[in-house]
Amino acid sequence: QVQLVESGGGLVQAGGSLRLSCAASGSISSIRLMNWYRQAPGKQRELVANYTNSNMAYYGDSVKDRFTISRDNAKNTVYLQMNSLKSEDTAVYYCNARTECGTDYWGQGTQVTVSS
């Protein structure tokens with residue numbers, strides 16, 4: 001079992017920045033991939049960024065060059081630094097962990113609202 005707790009969401013003006021955190025606990029060694037997803041009202045959940053155990057990062061086209069995913073292994077925490085935020089970034093952001101056997105674990109989500 002893996003437990004994920006997100007934090008760092010909030011209300012920010014367009015052009016501003018926020019940093020989301022996802023603290024993992026439990027069977028940490030079983031995690032193969034850490035992902036950040038988001039879901040805006042009326043839209044499907046989309047992959048924002050992910051970070052593999054081999055330190056490879058992926059970004060969705062809509063956030064490339066604005067968002068940065070990073071990790072602190074000592075704290076079992078993954079971060080999502082979001083810069084130059086736009087109104088279309090408004091969504092609930094979810095942390096996801098995928099284990100070696102393909103099991104997905106999700107955090108509770110954190111709301112990010114960008115005002116224009």
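Up top you'll find the structure we're talking about.
Nothing here was measured: the structure is a model prediction, and the numbers come from that model.

Counting residues in hydrophobic clusters, the biggest one holds 29 residues, and the most contacted among them are L4, W36, L80, M82 and Y93. At the level of secondary structure, the elements contributing two or more residues to this core comprise β1 (2-7), β3 (18-26), β4 (31-39), β5 (46-52), β7 (67-72), β8 (77-82), β9 (91-99) and β11 (110-115).

Phi at N55 takes a positive value of approximately 60°, unusual for a residue other than glycine. The residue N76 is not glycine, and still its phi comes out positive at about 50°. Relative to the helices and strands, N76 is located in the loop between β7 and β8. Accessibility expressed as a relative area gives 33% for N76, which makes it partly exposed.

Once that is clear, we can look at the sheet that holds β1. Spatially, β1-β3-β8-β7 is the arrangement adopted by the four strands of the open sheet, whose pairing is antiparallel. Because the sheet does not close on itself, it has two edges, and the strands there are β1 and β7. Averaged over all pairs of adjacent strands, the angle between strand axes in this sheet comes to 20°, irrespective of strand direction. Pairing of β1 with β3 involves six bridges; the strand directions are antiparallel. Looking at the pairing, Q3 lines up with S25 of β3.

Another aspect to go through is the state of the cysteines. All told, the structure shown has one disulfide when counted by the stated rule. Free of any disulfide, C101 has its nearest neighbouring cysteine sulfur in C95, separated by 17 Å.

Now for the pattern of salt bridges. A complete count under the given rule lists five salt bridges for this structure. Among the ionic pairs, R38 bridges to D89, the shortest N-O distance being 2.9 Å. Here R38, found in strand β4, pairs with D89, found in the loop between β8 and β9; they are 51 residues apart in sequence, far enough to count as distant. Residue R38 is classed as buried on the basis of its relative accessible area of 4%. In this structure, D104 and R98 form a salt bridge, with 2.8 Å as the shortest nitrogen-oxygen distance.

What follows deals with the environment of N73. Along the chain, the position of N73 falls in the loop between β7 and β8. A distance of 3.0 Å separates a polar atom in the side chain of N73 from a polar atom in the side chain of R71.

With that settled, consider the packing of aromatic side chains. Considering all chains together, one arrives at two aromatic pairs under this definition. Taking the ring centre of W106 as reference, the NZ or CZ of R45 above it sits at 4.6 Å.

Take the side chain of N35 next. Within the secondary structure, N35 sits in strand β4. Looking at N35, the relative accessible area reads 2%, which means it is buried. Of note is the side chain of N35, whose polar atom sits 3.2 Å from the side chain of N50. Apart from residues lying up to four places away in sequence, N35 is in contact with L47, A49, N50, Y94, C95 and N96.

Conventions and cut-offs
- Residues numbered from 1 in each chain as written.
- Predicted model: local features only at pLDDT ≥ 70, side-chain atom pairs only at ≥ 80, totals over all residues.
- Heavy atoms only, no water.
- Core = buried A, V, L, I, M, F, W, Y, C linked by side-chain atoms within 4.5 Å.
- Buried < 20%, exposed > 50% of the residue type's maximum accessible area, 1.4 Å probe, protein only.
- Helix = DSSP H or I, 4+ residues; strand = E, 2+ residues; numbered from the N terminus.
- Pairing = 2+ DSSP bridges.
- Axes fitted to C-alpha atoms, helices over the stretch in contact; angles between N-to-C directions.
- Disulfide = S-S within 2.5 Å.
- Salt bridge = Lys/Arg side-chain N within 4 Å of Asp/Glu carboxyl O.
- Polar contact = N/O pair within 3.5 Å; in protein donor to acceptor, adjacent residues only side chain to side chain.
- Phe/Tyr/Trp six-rings, centres within 6.5 Å; stacked < 30°, edge-to-face > 60°.
- Lys NZ or Arg CZ within 6 Å of the ring centre and 35° of its normal.
- Contact = heavy atoms within 4.5 Å.

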